[in-house]
Amino acid sequence: MIKKLTFAALTFAAAALIPSCKSKTATVSRTGSLQAVQFRIARPTNNLEKIKTFYTQGVGLELLGSFADHAGYDGIMLGLPDKKHHLEFTQYQSKTALPAPTKENLMVFYFDSEEAYHSANDRIQQMGITPVEPENPYWKNKSETYEDPDGWRVIFFNGTYQP
């Protein structure tokens, strides 16, 4: 059975075979981008059910999974339709003190059509959630800012990010 070797293992193996590369220490430098295929951000909460409602019914994320009483934690995983970008919210069963967010802790959702942007804003506002003033003036007049039940900010941006 042939096993896959990692880039680092191959580099060290090649260095051992080439006399000019032999040394007591080896430095491996690899250029390129991260090859991860999924991305998840996890955050604790003391309002798991309210957070679930806000992000599924208000923001419109899909509930990808959940767990209960896992070593004293309950949690949910939410995601975009491609299921490659996740939010995980966990709650310790005996509530605990959590750090407060700043007004610059932001999660930004970009919309590639005005129709989708307005639909998202209509959906969240129909739940009685109203926009708040953004801390940074960059977001004014091109987006709406909302606060989740923990006070973390979510921005709906009318347009896409162009690096």
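Quick note: structure is the one above.
What comes next is a walk through the structure. (Residues numbered from 1 in each chain as written. Predicted model: local features only at pLDDT ≥ 70, side-chain atom pairs only at ≥ 80, totals over all residues. Heavy atoms only, no water.)

Moving on to the sheet that holds strand β6 (residues 143-147). Taking strand neighbours across the sheet as the criterion, the three strands line up as β5-β7-β6 in an open arrangement whose pairing is mixed. Strand pairing shows two members of the sheet lacking a second neighbour, β5 (106-111) and β6, which therefore form its edges. Averaged over all pairs of adjacent strands, the angle between strand axes in this sheet comes to 20°, irrespective of strand direction. Summarising the sheet, β5 and strand β7 (residues 153-158) pair through six bridges and their orientation is parallel. Of the residues in β7, the one forming a bridge with Phe111 is Asn158. Relative to the sheet, helix α2 (residues 48-59) contacts β5, β6 and β7, its axis offset from that of β7 by approximately 10°. Relative to β7, helix α3 (residues 114-125) is tilted by about 150°, and along the sheet it contacts β5, β6 and β7. (Pairing = 2+ DSSP bridges. Helix = DSSP H or I, 4+ residues; strand = E, 2+ residues; numbered from the N terminus. Axes fitted to C-alpha atoms, helices over the stretch in contact; angles between N-to-C directions. Contact = heavy atoms within 4.5 Å.)

Moving on, we come to unusual backbone geometry. Even without a glycine there, the phi angle at Ala71 is positive, about 55°. Here Ala71 is to be found in the loop between β2 (62-70) and β3 (73-79). Residue classification places Ala71 among the exposed positions, given a relative accessible area of 70%. (Buried < 20%, exposed > 50% of the residue type's maximum accessible area, 1.4 Å probe, protein only.)

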